[in-house]
Amino acid sequence: MQLSEQEIIRRQALEDLIKLGINPYPADLFHVNASAKDILENYPKQKIEYKNVSIAGRIMSRRIMGNASFAELQDATGRIQIYIRRDDICPDEDKTLYNTVFKKLLDIGDIIGVQGHVFTTKTGETSIHVSSFKILSKSLRPLPIVKETVDESGKVTLHDAFTDPEQRYRMRYVDLVVNPHVKDAFIKRTQLVNSMREYLNDKGYLEVETPILQPLYGGAAARPFKTHHNTLDMTLYLRIANELYLKRLIVGGLEGVYEFSKDFRNEGMSRFHNPEFTQVELYVAYKDYNWMMDLVEEMIEKVAIDLHGTTKVLVGDNIIDFQRPWKRFTMYEAIEHFTGIDISEMNEAELRSTCKQLNVKVDESMGKGKLIDEIFGEKCEPNLIQPTYITDYPVEMSPLAKKHRSKPGLVERFEAICNRKEICNAFSELNDPLDQRARFEEQLELGKRGDEEAMTLDEDYLRALEFGMPPTAGLGIGIDRLTMIMTNSPSIQDVIFFPQMKAEKRTVNIEMELSDLGIRKELLPIFQKLLLTKAKLKEQKATKLFNDICGMRKKMKLEEVENPTLEEVEGWLTKL
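The structure contained in this document is the topic of the report that follows. (Residues numbered from 1 in each chain as written. Predicted model: local features only at pLDDT ≥ 70, side-chain atom pairs only at ≥ 80, totals over all residues. Heavy atoms only, no water.)

Tallied over the full model, the rule gives 15 aromatic pairs. Taking the centre distance of 5.9 Å and the plane angle of 90° together, the rings of Tyr258 and Phe260 count as edge-to-face. We classify Phe260 as buried; its relative accessible area is 17%. In this structure, Arg62 packs its charged tip against the face of Phe102, placed 5.5 Å from the ring centre. (Phe/Tyr/Trp six-rings, centres within 6.5 Å; stacked < 30°, edge-to-face > 60°. Buried < 20%, exposed > 50% of the residue type's maximum accessible area, 1.4 Å probe, protein only. Lys NZ or Arg CZ within 6 Å of the ring centre and 35° of its normal.)

Following this line, the structure appears as structure tokens:
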């Protein structure tokens with residue numbers, strides 16, 4: 001591992017602490033009796049004296065001033081200033097704890113615990129006058145601390161801000177330290193889930209758990225992740241939905257069940273899609289999709305009020321109002337409203353022609369349902385900002401929904417669309433086992449045509465239906481997408497602590513890698529930029545390598561660096 005200069009210095013400080021008999025990673029409990037937020041909000045307004053404060057956190061800044069110093073300590077609630085005098089923490093002759101440990105061996109990012117009393121400085125800042133401190137964890141990597149500079153006009157410029165999205169998502173632990181405001185979205189996410197759980201519990205529904213590893217995947221149209229169980233010697237799938245197991249519980253006599261579940265779909269990634277996501281599914285016996293629409297409106301309205309104190313939520317440039325009732329369109333009405341075309345009586349060939357007319361991309365594997373879904377997704381969803389119900393879907397699009405009681409060819413299904421994206425999906429659940437078998441068989445035919453998202457045929461689920469499932473309303477709400485809306489977050493990665501990422505590209509120490517080739521040191525930054533390892537150099541032709549290096553030198557504006565000659569380049573390659 002190649003260490004930076006700062007990392008080497010910190011490791012040396014670690015060794016020096018150990019030599020002084022200080023354990024940089026102590027195991028014993030450090031008692032905390034206050035927080036930064038608590039002190040700043042209550043002192044001195046509430047006349048709480050805070051005489052014996054014990055608090056812990058990270059050092060985020062330091063000002064060393066001879067025999068006294070200031071520092072900022074950051075805990076989970078915020079930052080507070082601490083004031084340390086040498087003679088307070090070192091009352092005896094030995095001043096090592098201040099002169100050496102605090103001044104020289106501590107760094108920004110180190111976690112310490114302090115004890116003392118709260119006071120107000122001459123500049124009016126609430127601070128902790130430290131009487132003792134203890135190192136709780138030595139940081140061996142420097143934090144990307146933001147610095148500010150102010151020019152003559154008073155313009156403030158930030159430097160070294162930790163803003164690169166890929167780095168923030170990959171190193172969320174650093175993101176939370178240096179950008180503490182990002183945790184607000186995650187706090188609201190937890191509040192959102194708690195609000196929904198409270199609502200469902202108050203209705204008397206039972207929270208349950210169902211299998212994540214399943215012998216058959218089902219409950220949604222999606223491609224699964226596949227694995228193998230060695231002991232059982234059988235293929236298993238990470239669930240794409242928990243629907244079929246929850247409905248088995250309805251068969252078993254439970255009247256209302258729900259689950260906040262982690263589901264997994266082996267599909268594309270975007271700012272709206274993560275392969276691992278969270279949803280809540282709810283199934284209630286003796287209800288239908290009309291009843292479920294009322295429940296969803298009521299529950300989401302409650303969530304908005306619990307999080308924001310109002311039904312109106314700012315999302316991007318729009319104010320979205322979750323106050324009941326929400327607008328409703330049937331699927332066909334929505335398509336006709338936004339395209340001017342009535343597709344309700346069209347067959348598959350006519351739908352393909354309509355897709356072509358509307359410039360909607362389709363392929364040969366798509367059946368009637370998928371074609372309609374593509375039209376809706378392209379031409380309707382982008383126009384739906386306020387929460388809107390889309391109801392009464394074609395039967396081909398909904399293999400698990402009950403046929404409509406009065407509209408042939410349709411099913412009793414709705415989706416809620418908000419801010420241009422689906423946030424929930426719900427049915428009057430199909431409980432006719434013969435009809436369900438026929439629908440599964442139609443899905444198998446679509447699979448034979450190449451539809452990788454077609455459902456499988458689940459014989460055990462059909463057997464459960466044959467024992468009899470009461471009329472049931474079912475619902476699935478995507479927690480990640482709903483959280484995006486409720487926190488005004490532009491990407492799903494902003495509301496998932498650890499989103500899925502591509503494999504991290506490891507930086508190669510080019511200087512060590514190419515040390516025996518005789519390459520001039522000033523050229524090495526170009527090799528680093530081009531990621532030219534020995535393995536890659538072996539694949540290069542001298543002329544191409546020469547041109548690439550000269551081009552990158554110009555691009556990097558390294559005017560003071562002299563280009564290599566073609567003979568130099570050929571000499572490097574002969575040494576490989």
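If you look at the biggest cluster of nonpolar residues, it comprises 43 residues, and the most contacted ones within it are Met331, Ile335, Ile343, Ile372, Phe376 and Ile390. For this core, the elements supplying multiple residues, two or more each, are helix H8 (243-251), strand E13 (276-285), helix H10 (331-339), helix H11 (348-357), helix H12 (368-379), strand E17 (388-394), strand E18 (410-418) and helix H14 (459-467). Discounting chain neighbours no more than four positions away, the residues touching Ile372 are Met331, Tyr332, Ile335, Ile343, Leu351, Pro394 and Met397. In terms of nonpolar packing, the next biggest core, distinct from the first, is built from 41 residues, Tyr258, Leu295, Ile300 and Ala416 among them. (Core = buried A, V, L, I, M, F, W, Y, C linked by side-chain atoms within 4.5 Å. Helix = DSSP H or I, 4+ residues; strand = E, 2+ residues; numbered from the N terminus. Contact = heavy atoms within 4.5 Å.)

We now examine the sheet that holds strand E10 (residues 226-229). With antiparallel pairing, the 3 strands of this open sheet are ordered in space as E9-E11-E10. Edge positions in the sheet fall to strand E9 (213-214) and E10, since each of these pairs with one other strand and no more. The pairing of E10 with strand E11 (residues 234-238) spans 4 bridges and is classified as antiparallel. When the bridges of E11 are listed, Lys226 appears paired with Tyr237. (Pairing = 2+ DSSP bridges.)

Now for H14. Listing the buried residues of H14 in full gives Tyr461, Leu462, Ala464 and Leu465. With its buried residues spanning 155° around the axis, H14 presents them on a single face. Structurally, H14 contributes buried residues whose contacts are with H8 and helix H13 (433-448). Two to three positions downstream of the cap, the backbone nitrogen of Asp460 sits 3.2 Å from a side-chain oxygen, assigning the N-cap of H14 to Asp458. Immediately downstream of H14, the backbone of Gly468 shows phi near 105°, a positive value. (Arc of directions from axis to C-beta. Polar contact = N/O pair within 3.5 Å; in protein donor to acceptor, adjacent residues only side chain to side chain.)

Right, let's talk about the side chain of Asp263 for a bit. Counting through the fold element by element, Asp263 comes out in strand E12 (residues 256-264). Relative accessible area serves as the criterion here: at 0%, Asp263 is assigned to the buried category. Of note is the side chain of Asp263, whose polar atom sits 3.0 Å from the side chain of Arg239. Leaving out residues up to four positions away in the same chain, Asp263 has contacts with Arg239, Ile240, Ala241, Asn242, Pro275, Glu276, Phe277, Gln279 and Glu281.

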